[in-house]
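Examining the three-dimensional arrangement
The lines below spell out each chain.
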Amino acid sequence: MKLPIMETDFLIIGGGSAGCIAAMHALQAKPDLRVTIFEKSDIVYGGSIARGMDALNIVAIPGRTDAQMYLEAIRAMSGGIVDAGPSYVMADRSYALLKEMEGWGVTFPKDENGQYKTLRYHVKGEFQTAMDEPELKAMLVQRALSRGAKPVNRVMGIRLLTDSGRVAGAIGLNVRTGQLVICKAKAVLVASGGVSRFTMPNSEYLYGVYDYPGNTGDGFAMALKAGAGVTGMEYTQRTMLIKDSNMPLLAICVTRGGKVLDCNGKVIMEGEVNNINAMNEAFTQGRGPVHIQLSHLPEEKIREIEHILFTTERPVNERFFAGRRIDFRKQDIELWPTEYYLCGGHGLAGIRVNERAETAVPGLYAAGDVASVAKQHLTGAFVFGEIAAEQAVKYIREEPDVQIPEEQVQEEQELHQARFSSKGKDIDIHDLERKMRRMVADYLVSPKNSHKFDLWKYWSETFSKDLEHVSAGNGHELSKVYEVANILLCADCSALAGDFRKESRWGECHKRSDYPERDDANWKCHVVIKMNNGTLEAQKTRISELGEEVVL
Ligand SMILES: Cc1cc2nc3c(=O)[nH]c(=O)nc-3n(C[C@H](O)[C@H](O)[C@H](O)COP(=O)(O)OP(=O)(O)OC[C@H]3O[C@@H](n4cnc5c(N)ncnc54)[C@H](O)[C@@H]3O)c2cc1C
């Protein structure tokens, strides 16, 4: 069946932080540009922000810190595996971003001397800048839509289309009806977040994860299949979160004087928020669970913490703590390690991009948690969303038109037809996802070794075959099949990169029992994964002085 084709100039896949700001800036630069956003959920609520945020984690405030100091901090925090160009550009543009956000009405609180309130999050310099904005997502969306961006809600990008190696648009899937949507576009931005559902959370709820649960590595999978590389997939990370609710509060509490204690009441973290190793050690040595103590703080500080916690990121915190009868003045907050995830926002995993947000595929850009700018957080999503918009506008103006590749559409239609049925199929997609994520936790996270990576190969093949027997009776179940297939591909990339990197680095994020030492002589480089005729291949690469990628 021939499907109708939607035409646009700039297609954005993912209407979260990076996607919305990119739409806004593209239309600011060229008001008559046609900008379309595929958003898997509803653009008003989708993504990591969902509502608001309590800090802009990287701002180089003139006179206090600068981009060079940030580079030193991020190098230390990323075990030396950092592309200087993108990280420098991000920090360099961060203060202008803060000023722009103030123009939207976002509040950045100041101290009694009129200085922005900054907090220590990095090993060097106070880059984390307090923000108090419960309506951040609504503000962003309103700005993008009022300039003319067209959101296509409940449509999940499933495949990028290419015409002679250039991006030509994408195919989407309506997650309610199960219908395909074809969109022709001269430039595409992938801004669909990381892989939040990588292993199971401690609570055992499939979607009860820290990062936005709709981010299932779709962008990684689409970019790989279109010819772009991904990197940092061996950086499997997890964090310490409020037990059972899996909501964050470390940065909010510790930066305001909270202490992290082990089960013996010994302080293991104070005045810093990034010593995940100290907390992990407490658990592995039987000194867990760890707790955050706030009871020693003055009432005014506790109220400040409550205000942020109960209004900005996840306001449901207030009901959660009330339900558990926890009053920060009297009780400590219990923290547990939970699921592992892959992400360019808090971690190092992402589609390979340069400082112009360009991928290896002409016309294809990536920004935010799906892109490989080390630990870029919200600052990176915003700065690179903006940079991607600038580049896309230029590219659309200068490059000739593209054609929809009929054979790629047909191939995807055939896969869609095969997946969209329940007849004679007997596997429930939720059962398959649960089992797969359990195996990812068994074989692909630290402690890692070659034997485990070999065992994963058997399970990967098994899950691929199982996917053909999943019953998808409606659009919603069908979308889960695509999600699970993408998580599986990301797991395969993580297995290949993890096996390839024959050393240990980044503490718990890549600890190999068969190669326990860090080996800078051989491994101070990126491991980039590419897809060649359907097969994943790993390479060592380094960025040259000229900013070009060199295969080692
Ligand atoms: C709980 C939490 C607290 C945080 N706190 C801070 C903080 O205080 N300060 C800070 O600097 N950073 C913080 N961060 C990090 C920051 O929020 C993220 O780095 C940033 O928002 C990522 O933006 P993004 O656009 O890449 O992804 P998101 O904002 O997550 O957006 C991705 C969007 O893509 C959509 N999507 C996914 N797949 C598809 C698909 N196939 N097709 C179409 N749409 C798709 C999703 O529905 C979602 O709307 C926090 C993150 C979390 C999770």
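Described below are features of the structure shown in this document. (Residues numbered from 1 in each chain as written. Predicted model: local features only at pLDDT ≥ 70, side-chain atom pairs only at ≥ 80, totals over all residues. Heavy atoms only, no water.)

1. Description of the pattern of salt bridges
Test applied: Each reported salt bridge corresponds to a side-chain nitrogen of Lys or Arg within 4 Å of a carboxyl oxygen of Asp or Glu. A simple rule labels every residue: compare its accessible area, found with a 1.4 Å probe on the protein chains alone, to the largest value its type can have, and call it buried under 20%, exposed over 50%, or partly exposed in between. Note on conventions: DSSP H or I runs of at least 4 residues are helices, E runs of at least 2 residues are strands, and numbering of each starts at the N terminus.
The full count for this structure, using the stated rule, is 39 salt bridges. Among the ionic pairs, glutamate 358 bridges to arginine 356, the shortest N-O distance being 3.1 Å. In this structure glutamate 358 comes out as partly exposed when scored by relative accessible area, which is 24%. Taking the shortest distance from any N to any O, the salt bridge between lysine 480 and glutamate 483 comes out at 3.4 Å. Taken together, the residues span about one helical turn, with lysine 480 and glutamate 483 both in helix 14 (residues 475-500) at a distance of three residues. Both residues of the pair, lysine 480 and glutamate 483, count as buried. Three or more residues are tied together by salt bridges with common partners; here these are Lys40, Arg197, Asp218, Glu433, Arg437, Lys480 and Glu483.

2. Remarks on the sheet that holds strand 16 (residues 290-293)
This is how the line gets drawn: Any two strands between which DSSP finds at least two bridges are classified as paired. Note on geometry: axes are lines fitted to C-alpha atoms, helical ones only across the stretch in contact, with angles between N-to-C directions running from 0 to 180 degrees.
Here five strands make up an open sheet; going across it, the order is 13-17-16-14-15 and the pairing antiparallel. Single-partner strands in this sheet number two, and they are strand 13 (240-242) and strand 15 (267-270). For this sheet the average axis-to-axis angle between neighbouring strands, irrespective of direction, equals 35°.

3. Some remarks on the packing of aromatic side chains
Stated formally: The aromatic pairing rule takes the rings of Phe, Tyr and Trp, using the six-membered ring of Trp, and pairs them if the centres are within 6.5 Å, calling planes under 30 degrees apart stacked, those over 60 edge-to-face and the rest tilted. Lysine NZ or arginine CZ positioned within 6 Å of the ring centre and within 35 degrees of the ring normal marks a charge as sitting over the ring.
Within the structure shown, the criterion is met by 14 aromatic pairs. With a centroid separation of 5.4 Å and an interplanar angle of 75°, the aromatic rings of phenylalanine 320 and phenylalanine 321 are classed as edge-to-face. Exposure remark for phenylalanine 321: the relative accessible area of 2% places this residue in the buried category. By the ring-pair criterion, three or more aromatic residues cluster together here, those being Phe310, Phe320, Phe321 and Phe328. The ring of tyrosine 116 carries lysine 110 above its face, with NZ or CZ at 4.8 Å from the centroid. Between lysine 540 and the ring centre of tryptophan 523, over which it is positioned, the NZ or CZ distance is 4.2 Å.

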